[in-house]
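Structural overview for review
What follows is each chain in one-letter form.
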Amino acid sequence: MESLDAERDDWLRQITAAADLDALERIRIAALGRSGAVTQLLKGLGALAPEERKARGAAVNKLKEQVEAALAEAKGRLEAASLEERLTRERVDVSLPVKAESEGRIHPISQTVDELIAIFGEMGFVVAEGPHIEDDFYNFTALNIPPEHPARQEQDTFYLMGAEGTRPEARKVLRTHTSPVQIRTMKAQKPPIRIIVPGRTFRSDHDATHSPMFHQVEGLVIEKNIHMGHLKGCLIEFCRTFFDIDDLPVRFRPSYFPFTEPSAEVDIGCSRAGGGLKIGAGADWLEILGSGMVHPKVLMNCGLDPAEYQGFAFGMGIERIAMLKYGIPDLRTFYDSDLRWLRHYGFSALDLPSLVTGAR
Ligand code: PHE
């Protein structure tokens, strides 16, 4: 019995002295492993006479329990210490300056899309998307632009060759505007609808202010009792927030689109005095977007009853508003992939778009 007490004290001393979890594990194996010392003591019991085995068995089991308890206690203590040590060693100094200037840049198109989403998101709009390769039906016909309509000429685009004998209406087109997503959304979900659709669009145009590929953002609101006042309020708010000018004059000028009635072009105030262009109160106007109340035929094409639901839509060119806001003179430079241009006009990834940002 005495030799057992000595043995226990020896294990407990070793366990207390273990410097780390590895050392502790070595002690555990030496004591309780398959051929560990304590395991051997337990195995030895079988060789004893029954009455001797009873007393000794109780003592050996007690020893085993004490060693186990000491191991568990030491394990908890060493794990806590090791976590504490890691927390100190791996601490990150979040106050260190970021090496932003050496990082990449956000393209002005992406920045502008983020700003649009921030502004319209605040008004309850969600982002919707649609395919670039569109059915003639969604791009034109469903938007009240039937096959022989002259509006098709204005939006001349790229047609994909169908198989021999494909009817013209069955051809696929690269979408000429983001408006087909109006149709897709109205067919797929019930009002209330409040979406914006930023995305790529295509037309066969190419000069200093037109590119065969460009970007638009579409907006669509369909609910009961939506009227022209909502359209005006929403777009005035947008223009003033985007250009960050509280008293920016906004003008609604009667216009025509096959898919809206009435239709209005939206102009913002500017001044061209002295040859430059300054956005804000001034003598001149600048057209920035098209809008209107969704045409009853378009609603019916989507299975909605115009007596029950009304709404408005708008569409604008993203390059155009980015050029105006950030003073970028030539549309073509957006797609030149010139790093010098991107360093100059691009944005830091850390400039999170706010309702009005643009600050660099
Ligand atoms: N789709 C039109 C265009 O590309 C813009 C527009 C959208 C006008 C929605 C009115 C309503 O010119």
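Whatever comes next refers back to the structure up there.
What you are looking at is a predicted structure, and each value in this text was computed from that prediction instead of being measured.

Definitions and cut-offs
- Numbering of residues begins from 1 in every chain and follows the order in which that chain's sequence is written.
- Whole-chain, interface and lining totals are the exception, using all residues; otherwise, since this is a predicted model, local features are given only for residues with pLDDT of at least 70 and side-chain atom pairs are given and counted only at 80 or more.
- Derived side-chain values reflect all non-hydrogen atoms in the structure, with water molecules and hydrogen atoms excluded from consideration.
- Note on definitions: angles span 0 to 180 degrees between N-to-C directions of axes, and those axes are lines fitted to C-alpha atoms, for helices only across the stretch in contact.
- Secondary structure elements are defined from DSSP: runs of H or I of at least 4 residues count as helices, runs of E of at least 2 residues count as strands, and each element is numbered from the N terminus.
- Angular relationships are summarised with four words: roughly parallel below 35 degrees, roughly antiparallel beyond 145, roughly perpendicular across 65 to 115, and oblique for the angles in between.
- Every residue pair with non-hydrogen atoms within 4.5 Å of one another is taken to be in contact.
- Polar here means any residue outside two lists: the nonpolar Ala, Val, Leu, Ile, Met, Phe, Trp, Tyr, Cys and Pro, and the charged Asp, Glu, Lys and Arg; Gly therefore counts as polar.
- The term salt bridge refers to a side-chain nitrogen of Lys or Arg lying within 4 Å of a carboxyl oxygen of Asp or Glu.
- When a residue's accessible area, from a 1.4 Å probe over protein chains only, is under 20% of the maximum for its type it is buried; when over 50% it is exposed; and in between it is partly exposed.

Here we come to the packing of helix α2 (residues 21–32) against helix α3 (residues 37–44). The packing of two helices is summarised by the inter-axis angle and the distance between the axes. Where α2 meets α3, the axes come as close as 3 Å, and the angle between the chain directions of the two elements is 15°. Put simply, α2 runs roughly parallel to α3. Together, A30, A31 and L32 of α2 and A37, V38 and T39 of α3 make up the contact between the two elements. Across the contact of α2 with α3, the residue classes tally to five nonpolar, one polar and no charged.

With that settled, consider the pattern of salt bridges. Per the counting criterion, the structure on display carries 21 salt bridges. One salt bridge connects E308 with K224, and the closest N-O pair in it is separated by 3.4 Å. With E308 in the loop between α10 (296–301) and β12 (310–317) and K224 in the loop between β7 (213–223) and α9 (228–242), this pair connects stretches of sequence that are 84 residues apart. Residue E308 is classed as partly exposed on the basis of its relative accessible area, which comes to 35%. Taking relative accessible area as the criterion, K224 reaches 45% and is therefore assigned partly exposed. Across the salt bridge formed by D267 and R253, the nearest N and O atoms sit 2.8 Å from each other. In this pair, D267 sits in strand β9 (residues 260–271) while R253 sits in strand β8 (residues 250–257), placing the two residues 14 residues apart along the sequence. Judged by relative accessible area, which is 28%, R253 ranks as partly exposed. Overlapping salt bridges bring together E85, R86, R89 and E90 as one network.

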